Amino acid sequence: MKALLLIDIQNGFCPGGNLAVKDGDKIVPIANALIDNGGYDIIVASQDWHPANHGSFASQHPDKQAFELGELSGKPQVMWPDHCVQGTQDAEFHPDLNTDAFDYVQQKGENPAVDSYSAFRDNDQFATTGLSEYLERQGVTVLDICGLATDYCVSFSALDAVDMLPDVKVRFIEDASRGIDPEGIRNAIASMRAKGVAIVNSSDILND
Ligand code: VGL
Ligand code: ZN
């Protein structure tokens, strides 16, 4: 079984959103083409889904500005602008994304005391979301991952997929992803490659 995992293709990470990623919306037509013509058996989407008082928000730390390094539960944490608050427009999927095709949505980031970049588990690697068990139950053998943002939620998810699903072939679809910081993107791709994640483009998949 082949699965596509779409990471956080939400208004909040697209132009006009609270934590906009440059050209984040440009991946939406590519994601839709992959959904329709990628040959996938299962389409999964993750959704960053924070309470308004999430501890990764700079607004919860009077001495911190957004994008500064701070601390959350005693660990280093980038302070983010308030984003993807549960029930707000910012947390909704991009309006052009083919959400009707989703078989499973994995929400994450609900615990205010820890951030959860990965769709599989919190950043402290303590609580898991249940996504790995879902994919195992479905008999997934190939997992293609793309979305927003490459240097945070996409790469964290891909690295966790390799750890938590050792029998699954994991691939990162580069042109169907965008990131926050150019150097962060380069490092994220290098880490994924070093861990055995294949780096592919949508044309490799759509022309198969
Ligand atoms: C993300 C920062 C904070 C992401 C989510 O989706 O990459 N980044 N929350
Ligand atoms: Zn977040």
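Residues numbered from 1 in each chain as written. Chains lettered and ligands numbered in written order. Predicted model: local features only at pLDDT ≥ 70, side-chain atom pairs only at ≥ 80, totals over all residues. Heavy atoms only, no water.

- Taking an unreviewed UniProt entry as the reference, the protein chain is identified by name as Nicotinamidase belonging to Agrobacterium bohemicum.
- Note on the protein chain: under the UniProt heading Sequence similarities (unreviewed entry), the record states "Belongs to the isochorismatase family."
- The record in UniProt for the protein chain states the following under Pathway (unreviewed entry): "Cofactor biosynthesis; nicotinate biosynthesis; nicotinate from nicotinamide: step 1/1." (UniProt positions renumbered as here; feature names shortened; annotations may be inferred.)

1. Here we look at the coordination of the zinc ion (ligand 2)
- Looking at the zinc ion (ligand 2), the protein donor atoms are D48 (OD), H50 (NE2) and H83 (NE2), and they sit 2.0 to 2.2 Å from it.
- If you look at the zinc ion (ligand 2), its four donor atoms make angles of 88 to 168 degrees with each other, and the shape they trace is irregular.
- Linear spacing of the donor residues for the zinc ion (ligand 2) on their chain is D-x1-H-x32-H.
- Taking the relative accessible area as the measure of exposure, D48 reaches 2% and is therefore buried.
- Take H50: its relative accessible area is 0%, and that puts it in the buried class. (Donors = N, O, S within 2.8 Å, 3.2 Å for Na, K, Ca; no water. Tetrahedral: all angles 85-135°; square planar, octahedral: opposite > 155°, others 65-115°. Buried < 20%, exposed > 50% of the residue type's maximum accessible area, 1.4 Å probe, protein only.)

2. As for the sheet that holds strand β5 (residues 104–108)
- Reading across the sheet, the six strands line up as β5-β2-β1-β6-β7-β8 and stay open at both edges, with parallel pairing between neighbours. Across the chains shown, the open sheet's two edge strands, defined by having one partner strand only, are β5 and β8 (198–200). The average angle at which neighbouring strand axes cross in this sheet is 25 degrees, direction not considered.
- Pairing geometry for strand β7 (residues 169–178) and β8, over three bridges, is parallel. Residue pairing in the sheet places R171 in a bridge with A198 of β8. (Pairing = 2+ DSSP bridges. Helix = DSSP H or I, 4+ residues; strand = E, 2+ residues; numbered from the N terminus. Axes fitted to C-alpha atoms, helices over the stretch in contact; angles between N-to-C directions.)

3. Notes on unusual backbone geometry
- In this model, L148 is joined to A149 through a cis peptide bond whose omega is -10 degrees.
- Examined against the element boundaries, A149 turns out to sit in the loop between β6 (142–148) and α3 (150–164).
- At D8, a position not held by glycine, the phi torsion is positive, near 50 degrees.
- Tracing the backbone through its elements, the reader meets D8 in the loop between β1 (2–7) and α1 (28–37).

4. Regarding the side chain of H83
- Looking at the element boundaries, H83 is found in the loop between β4 (75–78) and β5.
- Its relative accessible area of 3% is what places H83 among the buried residues.
- Separated by 3.1 Å, the side chains of H83 and H50 make a polar contact. (Polar contact = N/O pair within 3.5 Å; in protein donor to acceptor, adjacent residues only side chain to side chain.)

5. Comments concerning the nonpolar core
- Core analysis: the largest hydrophobic core is formed by 57 residues, its most contacted members being L6, L135 and L143.
- Residue assignment for this core shows that the elements contributing at least two residues are β1, α1, β2 (42–48), α2 (131–137), β6, α3, β7 and α4 (182–194).
- Residue contacts for L135: discarding those within four places in its chain leaves A3, V44, F120, V140, L143 and L165. (Core = buried A, V, L, I, M, F, W, Y, C linked by side-chain atoms within 4.5 Å. Contact = heavy atoms within 4.5 Å.)

6. What about the packing of α3 against α4?
- Close contact between α3 and α4 brings their axes to 9 Å; oriented N to C, the two are set at 5 degrees. When the interaxial angle is binned, α3 and α4 end up roughly parallel. Contacts between α3 and α4 pair T150, D151, S155, A158 and L159 from the former with G184, I185, A188, I189, S191 and M192 from the latter.
- Residue classes in the contact of α3 with α4 are distributed as six nonpolar, four polar and one charged. (Parallel < 35°, antiparallel > 145°, perpendicular 65-115°, else oblique. Nonpolar A, V, L, I, M, F, W, Y, C, P; charged D, E, K, R; others polar.)

7. Re the site of ligand 1
- Around ligand 1, the structure places D8, F13, L19, D48, W80, H83, Y117, L148, A149, Y152 and C153.
- Contacts to ligand 1 include L148, whose backbone N or O atom sits 3.3 Å from an oxygen atom.
- One of the backbone nitrogen or oxygen atoms of A149 is found 3.0 Å away from an oxygen atom of ligand 1.
- Contact with the protein chains removes 100% of the 260 Å² of surface that ligand 1 exposes when unbound.
- Looking at side-chain class alone, the shell around ligand 1 contains eight nonpolar, one polar and two charged residues. (Near = heavy atom within 4 Å. Areas by Shrake-Rupley, 256 points an atom, 1.4 Å probe, with all protein chains shown as cover.)

8. Considerations on the pattern of salt bridges
- Throughout the structure, instances matching the rule amount to eight salt bridges.
- With its nearest N and O atoms 2.7 Å apart, the salt bridge here joins D144 to R171. Linking D144 in strand β6 with R171 in strand β7, this pair joins segments that are 27 residues apart in sequence. In this pair, the class of D144 matches that of R171, namely buried.
- Residue D163 is joined to K195 by a salt bridge in which the shortest nitrogen-to-oxygen separation is 2.7 Å. Of this pair, D163 sits in helix α3 while K195 is found in the loop between α4 and β8, placing the two residues 32 residues apart along the sequence. (Salt bridge = Lys/Arg side-chain N within 4 Å of Asp/Glu carboxyl O.)

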